[in-house]
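Structural features, examined
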Amino acid sequence: MEIEFNAQIWREGHQFIAHATPLDVASSGSTAEAARAALSEAVDLFLKTAAERGTLEEVLEDAGYERQEGRWRSPDWVAMERHTALVTA
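Here is a short report on the structure shown in this document. Everything numeric here is computed off the predicted structure, so don't read it as measured data.

Moving on, we get to the overall build of the chain. Counting its regular elements, the chain contains two helices and five strands. Relative to the compact-globule value of 12 Å for 89 residues, the chain shows a C-alpha radius of gyration of 15 Å, a clear excess of over 25%. Principal axes of the C-alpha set define a box for the chain whose edges measure 50 × 30 × 20 Å. Residue burial in the chain is summarised as follows: out of 89 residues, 26% are buried. In the chain, once contacts between residues fewer than 6 apart in sequence are set aside, the share between residues at least 24 apart is 24%. Accessible surface, the chain: about 6900 Å² in total, of which carbon and sulfur atoms supply 48%.

Turning our eyes to something else, we now look at the nonpolar core. Of all hydrophobic cores here, the largest spans 17 residues; its most connected members are Leu 23, Val 43, Leu 47, Leu 60 and Tyr 65. Listing elements by their share of this core, those giving two or more residues are strand E2 (15–21), helix H1 (32–52) and helix H2 (56–62). For this core, the leading source of residues is H1, giving six residues. Not counting residues up to four positions away in its chain, the partners in contact with Leu 47 are Ile 3, Leu 23, Leu 56 and Leu 60.

A surface patch of negative charge is lined by Glu 57, Glu 58, Glu 61 and Asp 62. Position of Glu 58 relative to the elements: it lies in helix H2.

Once that is clear, we can look at the pairing of strand E3 (residues 25–29). Here five bridges tie E2 to E3, and the two strands are oriented antiparallel to one another. What sits directly across from Ala 18, in E3, is Ser 27. Between E2 and E3, which pair antiparallel and follow one another directly, the connecting turn spans three residues, one of which, Asp 24, has a positive phi of 60 degrees.

What counts as what
Residues numbered from 1 in each chain as written. Predicted model: local features only at pLDDT ≥ 70, side-chain atom pairs only at ≥ 80, totals over all residues. Heavy atoms only, no water. Helix = DSSP H or I, 4+ residues; strand = E, 2+ residues; numbered from the N terminus. Rg over C-alpha atoms; globule rule 2.2 N^0.38 Å. Buried < 20%, exposed > 50% of the residue type's maximum accessible area, 1.4 Å probe, protein only. Contact = heavy atoms within 4.5 Å. Areas by Shrake-Rupley, 256 points an atom, 1.4 Å probe, with all protein chains shown as cover. Core = buried A, V, L, I, M, F, W, Y, C linked by side-chain atoms within 4.5 Å. Patch = residues over 30% accessible without salt bridge, like charges linked within 9 Å, V, L, I, M, F, W, Y side chains within 5 Å. Salt bridge = Lys/Arg side-chain N within 4 Å of Asp/Glu carboxyl O. Lys, Arg positive; Asp, Glu negative; His and termini not counted. Charge placed at Lys NZ, Arg CZ, Asp CG, Glu CD. Pairing = 2+ DSSP bridges.

Quick look at the structure:
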C-alpha cells in the first residue's frame with residue numbers, strides 16, 4: 001500500500017530537519033538529501049509499526065487521510081506560507 005505525504009526540509013545550524021506532514025514524523029541529517037532519506041526510513045518504520053499493531057487505519061484517519069476507492073488519500077494542501085509575529089515584552 002502506498003501512503004503519500006508532504007515533506008518540509010529546513011536547516012537548523014549544521015543539521016537539516018525533514019518533517020513529514022500530516023503524519024508528524026521527523027528526522028534529520030547532515031545534508032538535505034540525508035535528512036530526506038532518513039525521513040523516508042522513519043515514515044516507513046512508523047507506518048509498518050502502526051500496521052503491525054493494528055492501528056494504521058486509526059493513525060491515518062487521525063492525520064486527516066480518507067479512504068477512497070480502496071486507497072488512502074492524503075489531505076489536500078492549500079498553501080505553505082511563512083508568517084511573522086511581533087512579540088512585545
